[in-house]
Structure formats: structure tokens, C-alpha cells
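# Reading the structure
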Amino acid sequence: MKAFDLAGVWRIRSGCGTYDIEGNMPGTLFQALEESGYWGEKDLFWRENNRKCPEIADRDFMFSRRFTLPDDFLTDSDRISLDAEGLDTLTEIRINGTVIGRTENMHRRYYLDATGVLKQGENSIEITFFNSLAYIREKQEKRYIWSAPDNIIDGFNRIRKCSSSFGWDWGPQVPDLGIWRSLSLKAVRRARLGDTRISQEHLKDNGGTDRVILSCSSTAEGNTEGTSIRYTLTSPSGKTWQMESAPGKQADIVIGNPELWWPNGYGGQPLYTLKSELFHKGQLLDRGELKTGLRTVELDRTPDEWGESFGFRVNGITLFAMGGNIIPRDVCNARAGRKTAEELLGNCRDANFNCIRVWGGGIYPDRDFYEICDRFGLLVWQDLMFACALYEADCPEFREELRLEITDNLSRISHHPSLALICGNNEMEWAFEEWEQMRWDGRNKAEYTLQYEYFLPELSKKVTPLTPYWKASPSSGGFFDNPNDPDRGDVHYWDVWHGGAPFTDLRKHHFRFLSEYGFQSFPSYKTVCSYTEEGDRNPYSPVMEDHQRNGDYAGNRKIMKYAAEYFRLGKDMDANCYLSQLSQAEAGRYAVEHLRQNRGRCLGSTYWQVNDNWPVASWSSIDYYGRWKALHYAMKRAYAPVLLSCREEGAMAEIYVSTEGMDGFKGTLKWALKECSGRIIRRGEESVQVAPRTSRKLAAEDFSRELAGDRNRERYLSAELTDEGGRHIWRDTTWFVQYKKIDLPDPELKAGLKQAAEGYEITLTAKRYAAFVELDLYEGDAVFSDNYFDMDAGEERRITLYWNSPEELSEKKLKIRTLRDSYR
Ligand code: BMA
């Protein structure tokens, strides 16, 4: 098979000639507008520029180019197809003036027949992108179908297009369009390979040794008579197996002593390579290659004293899922390539994640994304792309469209060992039961049931039979049976934040798997500066409120109100960004500590949300420019294999150690009730032994005597864990009063910097107690091994500053602040 890539410069024109620019493809309209200087020196994110996007997109656009085929492209082939991996969304495609096809689903890959329309030498291609806004308006007029309204263009559910491109409660309304994934011509001789599916059966011999039977089958398209497929499997250590079978027929490979794939924190991620080659009479027609891993994955749903468990069981081990929700990485989807996926998922792995949830209001990620999840050991909870809206499932054409879309996407990803769960939709079962404002009729409910409880599970079972299917998130198993039941299935908990409850409220609840909960903050101040003028840098300015999409733009008020519960008012916008991130980090820490203290009863935490698709105030732990907020560091600590946590209540404190992964913990716990000067009021020490994947309460102390008479404003609990070798594992601070009540002393922090293997090593010393020490660079950005931590008087800490640029750093470039600096 020969391929001709149509990537390169295309011309983009609107119907009546208002817009006439050039753009690099794969790419989209708003990406091209930005690159052609439409926003002057600035970009789409600058101030309120994004507000113009819906009006710009409200028309048809033509994308066109000329191209010259290599001389031998058309010779010696029977069929030419246009392989469109992603067109966004409603198109008509012409080659040399002849219409070769139409598309109407951004989530699908289309092969369009282009045989007979191409010629030797120069050719032209033109793709008309029809107005998707006009299309959804028209559909809504015919039959109105409800979709969530929180700053989202009505009717996003009437088109198979990235829902959040119509806006969301964290994203701008940028209904982009264009060639968002690769576009190429394929010249096929006789036949080409289709999808390769893999299934694996894990067996134990009598002697107890493991064996895996790997079954592969690839389809082929075209004239397949007399063709055969040769599979070559190579193990991570280089051992190979070969099998041959006809297209569509299964070939089994028996693997003795399999090298098992594990999620991050439980073992390695060995990958096997499978090559498929399509032959006809000894002649190679086409080839493909993929990587897979050997593992079993199940949903652990065991009835127990509280209800029914809900967790991932991998290779027979039930784990506590630690992760977050991922949304599209950019409003311009074509711009979110391999590099940003590698960075984002690398940041997840570095924060001790073993799991992510791909949320259903965006896009199905590309191949690279899952390959990276396989390598990093991140289990993927994959929502199908349906969120916060109703769909017209009683329409047969719509169901047929879904069949094609989901078959296409699931067959593309089903071989990935990271794929752990297919989930029907985001929040729709719950919406029927609990979102009071809804008055949906029987038809809506019947359509819901048909789509997620019959049609999609059957389809999912057909395409990826070994991947568990879950009807909705949250759900307790379906049929509108108390979908957000804390005792069964997964839960979305929003009393903290949307409900305005203090973040300590979460401790009153017990969940089996918390798949959504979250808390907002401003992005880093540097990020704020990237989209504001100086005069805008106030939480309630129009620009700051525009870069905030929750609850009628009221989110900033909520951020400030929550921060006021715990902290004094920041002296400027920079300080308020920092303080907002501290409240967010504290909310996250409180949640995960509580969930892990109850390990077993609870088996998972995927917080809302890991990333942003533009620079904005939101629930994310990493902002659009990849800057880690305090929350991401807090999650890295809270998701550590060994977690020390304190649970305070009045003047009481309980100390827990929770373990995850394959190892337990043995070592020593030391705690001390202290003053900021370092003076110790009371102390304790004990040896600790905790089994793998459990949580133990190690101490319960009553400090009412020591904390009486407002002494809680001066005294705090400092707890420390060291392992058997005396290696420091953990330090934790607990105050029994809000930080705003404490008169923090000057910690007299000192920092030294020296070059080290991964960048620089910072040595920090504190003369007195320091709260929420933040490390940053005045110019540029860096990730640190730890950040936003407390220090005891006399403590010395070594922190790695990860750095691989040639630029040299000195202490002067380090920016350090503590909580005290935010109001002084
Ligand atoms: C959820 C999500 C999103 C939303 C978030 C914050 O439950 O599913 O729809 O962005 O809450 O409101």
C-alpha cells in the first residue's frame, strides 16, 4: 500500500470572502487564524478575544489545496481511498471537482473512495466545512432536546462533535472546524489490512506456572481472495513467535512465563510487539504494528457489609485507583499533539497516578495517548463521548452513526493494556434522578435506557469483550437505581464547591469510588499575566470573570469566599492566586486522605480535573501552560505509595498510615505537638507495621489540655515517618485552627542551590516554622520534587528542581514565598 500525506499549507476561505487565509494542516480554523495574525500580537486567549469565536464560526468555510502526486502513485494499484482520520465536522469533499464523499462525525475515521478521480501530476482537493451552529439550531427547531446550559451553546448534543468546543463550565465557546487529524491518500493493490483485535486468556498450569493465550485477528479490505496474514509477536526480552491465518480468522499464540503488565506503582509495564503482514502469493501487500501488554482487568463488585465494592482488579489484585479526570488539552484540538500528551500523562505518572478518566464531553484521544498510558502504567477509564445532555437514540440513523463511531474508536484502542473500563456517559443517569430542574418525558427516559443500557453495552461487548462496561458515571449499576448511591458503584460528590460546603464536609461521607469531586483555583499568576493587562488583574474584573466559566461567572467569588474561610486576604492578585491554590490543595488533600484512610471500603479517587483547554480559573491541578498548581503537588503526596495522614477533630488527632502497591510498610512514627519556634510540648514515638494495600490507625491523641485558651493558634502537630533504614518517608503538619488565626513568625528561610543529576538540588533551611513554602522561578518554569510544603523550625530539606535547559540557574533566580508573605 502506498500513502500520500496531504499535510501542508492549505487555503481557507469563508463563503462570502470575509476570511481568506492560509493554514497548516492537520489544523483548524482558529489555529490558522491565530497563526495568520488575526489577533495581532496577541492570541485567542488574550482578554476577551474568545467571545468573537462563535460569530466567526457561524458560516461555511472552504479548505483547499493543490498537490502533485509522485509518478508511480497511481500505477499498479486497484483502488485509491482518502483516509480522513478526523474531519471536524460537516463536510463535502471534492477532488478535481468531483464530490467523493461527505462526513458528519468528528469522532470517526472515514475511508472515502477516490478511485478514478485523480490524475498524474497536479490535482486539487477542496473540503467544504458546513456551518455546524446553523445545523444544530435547525435540528433543535425540529425537535428540541435538552443539553446542559452552564455557558454552553444550546444543542451541542445534536452533532457528533467535541461537546466542550461549544463551551463548558471551564471552557470557552470555540466551535472550531477543520482537518483535525491526519488526511492522506492510500493506493491499495488488491487489499489492505483493517483493524487488529487481540484477546488474551490467562491460565495457570497444574504446577502453578502462568500461561497466556494471545488470540489475534485482523480484518482485510478489498480483494482478499488468496491472501493470508502473518503475525510476529516479540516479547520485551526479544523472544519471537510466528503464526499465520486468513483475514478475519483467529491465530492463537501460547506464551509461557508471560511478563505481566502492571499499573504504575504495582510493577513494570513490559510490552509485546505484534506485527501483522498481509501477503498474497508471497507478495507483501500491507503491514501494521502494535504494542500490547499481558494483564487481566476486571471490575471488582463484591457485595459486602456496606453494599457493593467498586474497584479495578488487575492480574487478580484489587487496587486503590489514584488519578484524575482528563479533558481536551486545547480548544484547538489539532494542536494537542504527542508532546502535550506525553507531558500531561508524564505529570500524572510523576504525581503517583495509576489511573485517569477520559471524560465524556470531549474527544476520543489518539493512538499516541494510549501508547503513553501503556508505557506509564496509567489505567484508562474511558467514557464514551456523551455528557450532560440527552440524545435522540430512538432515531435509527443516529444509532447507526453511533455504531460506526464506537466500533471505530473501540477497535482502535481495545488492545491497549491500559484500557480498563468503557463507560456509557457522564452524569446522565444521575441527572434523570436528581437534577431537579429537569422535567423530562418518558420518551427521553426510554431513549436513555436504549442507548446506554442495551445498545452501547452490546456493542462494547462485541468490539472489546474483555473490557468491563459501566453504564454511566456516576451509577450504581443502572436502571435509575439511586445512581449516586455512596454504598455502590461510583459517586460524583459536589457538596464541596458547587454546594458551598466546607471541604471538611467530605469526611462525613463514605464512598466506594469517588470518580468526581473538585475545587477551583486561579491559575498561576504568570498564566494570569499571559491573558490580562495590568488593570485586569483583580478577581472581579470583566477579563478575570470571563476566564472563569462556572455558575454565571460567579466562580471567582466562590474562590475568594472559600479562601477567606482559611486564610487572610492576599495583598495583591499574585497573592490571591497563591492563596486560591492553597485552598484547592487543602481540599484535595483532605479528600484523598479521608478516602485512603478508608481503603477497602473506598477503592478509588479520580478528582476533577487534571488539565485545562485554555488559560482559566478552574478545578484543574495543572494549568493550560503546564504549570503545576499547588494541588498537583498535594496529589503527588496524597497518592504516594506510603501515606501518613492526620485526622483532626476539635483538639483530637488520629494518625494513619495507608499503603498502596505491592509492599507494606515497616518503620517508625514520631509525632510532636510543637510551637513555631521549635519548642516541643508533647511527643510520642512508636514502631509501625502496615500490610500492603491497607490503612491503619496508629495513634489517637487528645490535646485539649495543651491547646486550651487559644493555644491552638500557636501549637501544631508535626508527624514524621521513617522506614527501617532510618530514611525519611513523610512529614505532615496539622493545625487545629484555620491558618488565618495564626500569627506566623518570620521563618528566616535560607536556600542553597547546586547542580545535580536531574537539574539542581535546593537545600532549604528554616529557623522557625514555615507554612506552604512555594518554590518558583522569577522567569521561566520548573517542576520541583516537592512544593507548597510546611517546614518545622530547624528543619533542612533537599528538593530537586528538574531542569534540562542549557541556561544556568543561581539562587537569585529562585522565587520563594511562604504563607506569611501573602499578606505582608
Ligand atoms: C462535572 C463534570 C463536568 C463539569 C464538572 C464541574 O460533574 O462532569 O461536566 O465540568 O462537573 O462542574
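Parameters at a glance
Residues numbered from 1 in each chain as written. Predicted model: local features only at pLDDT ≥ 70, side-chain atom pairs only at ≥ 80, totals over all residues. Heavy atoms only, no water. Helix = DSSP H or I, 4+ residues; strand = E, 2+ residues; numbered from the N terminus. Rg over C-alpha atoms; globule rule 2.2 N^0.38 Å. Buried < 20%, exposed > 50% of the residue type's maximum accessible area, 1.4 Å probe, protein only. Pairing = 2+ DSSP bridges. Near = heavy atom within 4 Å. Polar contact = N/O pair within 3.5 Å; in protein donor to acceptor, adjacent residues only side chain to side chain. Areas by Shrake-Rupley, 256 points an atom, 1.4 Å probe, with all protein chains shown as cover. Nonpolar A, V, L, I, M, F, W, Y, C, P; charged D, E, K, R; others polar. Salt bridge = Lys/Arg side-chain N within 4 Å of Asp/Glu carboxyl O. Axes fitted to C-alpha atoms, helices over the stretch in contact; angles between N-to-C directions. Phe/Tyr/Trp six-rings, centres within 6.5 Å; stacked < 30°, edge-to-face > 60°. Lys NZ or Arg CZ within 6 Å of the ring centre and 35° of its normal. Arc of directions from axis to C-beta. Contact = heavy atoms within 4.5 Å.

### Here's the deal with the overall build of the chain
Of regular secondary structure, the chain possesses 14 helices and 49 strands. Expected size for 824 residues packed as a compact globule is a radius of gyration near 28 Å; at 28 Å, the chain falls within 12% of this value. C-alpha atoms of the chain, sized along the principal axes, occupy 90 × 75 × 60 Å. When burial is assessed residue by residue, the chain has 62% of its 824 residues classed as buried.

### A word on the pairing of strand β35 (residues 604-607)
Residues of β35 alternate between two faces, with Gly604 and Thr606 on one and Ser605 and Tyr607 on the opposite face, all of them buried. Pairing of strand β28 (residues 321-326) with β35 involves 4 bridges; the strand directions are parallel. Bridge assignment links Met322 to a residue of β35, and that residue is Ser605.

### Concerning the site of the ligand
In the vicinity of the ligand, 13 residues are found, and the nearest of them are Asp169, Trp170, Glu427, His498 and Glu516. In the environment of the ligand, an oxygen atom lies 3.0 Å from a nitrogen or oxygen atom belonging to the side chain of Trp168. Between the ligand and the protein, one listed contact pairs an oxygen atom with a side-chain N or O atom of Trp494 at 3.3 Å. Out of a free accessible area of 310 Å², the ligand has 95% covered by protein chains. Broken down by class, the residue content of the shell around the ligand amounts to 7 nonpolar, 3 polar and 3 charged.

### A closer look at the pattern of salt bridges
According to the stated counting rule, one finds 81 salt bridges in the structure shown. Note that Glu706 and Arg682 form a salt bridge whose closest N and O atoms lie 2.8 Å from each other. Linking Glu706 in helix α14 (residues 704-707) with Arg682 in strand β39 (residues 680-690), this pair joins segments that are 24 residues apart in sequence. Owing to a relative accessible area of 7%, Glu706 belongs among the buried residues under this scheme.

### Quick notes on the sheet that holds strand β45 (residues 770-777)
Adjacent strands of a sheet pair through backbone hydrogen bonds, lying either parallel or antiparallel. The 3 strands are arranged β47-β45-β49 in an open sheet whose pairing can be described as antiparallel. Lying at the two open borders of the sheet, with one neighbouring strand each, are β47 (789-791) and β49 (814-817). Within this sheet the neighbouring strands show an average axis-to-axis angle of 40 degrees, counted without direction. In this structure, β45 lies alongside β47, joined through 2 bridges in antiparallel fashion. Bridge pairing links Val773 to Phe789 in β47.

### What to know about the packing of aromatic side chains
This structure, assessed with the given rule, holds 51 aromatic pairs. Each ring, one from Phe353 and one from Tyr639, has its centre 5.6 Å from the other, and the planes form 80 degrees; the classification is edge-to-face. Remark: Tyr639 occurs in the loop between α13 (630-638) and β36 (642-649) and Phe353 occurs in the loop between α4 (338-350) and β29 (355-358); sequence separation between them is 286 residues. Judged by centre distance (5.4 Å) and plane angle (50 degrees), the ring pair of Tyr493 and Phe511 falls under tilted. Here the residue Tyr493 occupies a position in the loop between β33 (491-492) and β34 (514-516), and Phe511 occupies one in the loop between β33 and β34, the gap between them amounting to 18 residues. Site record: aromatic cluster; members linked through ring pairs are Trp494, Trp497, Phe503, Phe519, Tyr562, Tyr566, Tyr590 and Trp619. Sitting above the plane of the Tyr111 ring, Arg192 keeps its charged end 3.7 Å from the centroid. Its guanidinium or amino end placed over the ring of Phe479, Lys471 lies 3.9 Å from that ring's centre, counting from NZ or CZ.

### Structural notes on the sheet that holds strand β9 (residues 98-103)
Read from one edge to the other, the open sheet built from 6 strands follows the order β3-β2-β5-β11-β8-β9, with strand pairing classed as antiparallel. Each end of this open sheet is capped by a strand with a single partner; those strands are β3 (20-25) and β9. Between one strand axis and the next, the sheet turns through 25 degrees on average, direction left out of account. One ladder, built from 9 bridges, connects strand β5 (residues 61-69) with strand β11 (residues 121-129); its direction is antiparallel. Across the sheet, residue Leu69 finds its bridge partner in β11, namely Gly121.

### Considering helix α3 (residues 132-142)
Among all positions in α3, only Ser132, Leu133, Ile136 and Gln140 are buried. Taken end-on, α3 shows its buried residues confined to a sector of 105 degrees, consistent with a single buried face. Away from its buried face by more than 90 degrees, α3 exposes Glu141 and Lys142. Contacts from the buried residues of α3 go to α2 (53-57) and β12 (166-168). N-cap assignment for α3: the residue whose side-chain oxygen lies 2.9 Å from the backbone N of Leu133 is Asn131.

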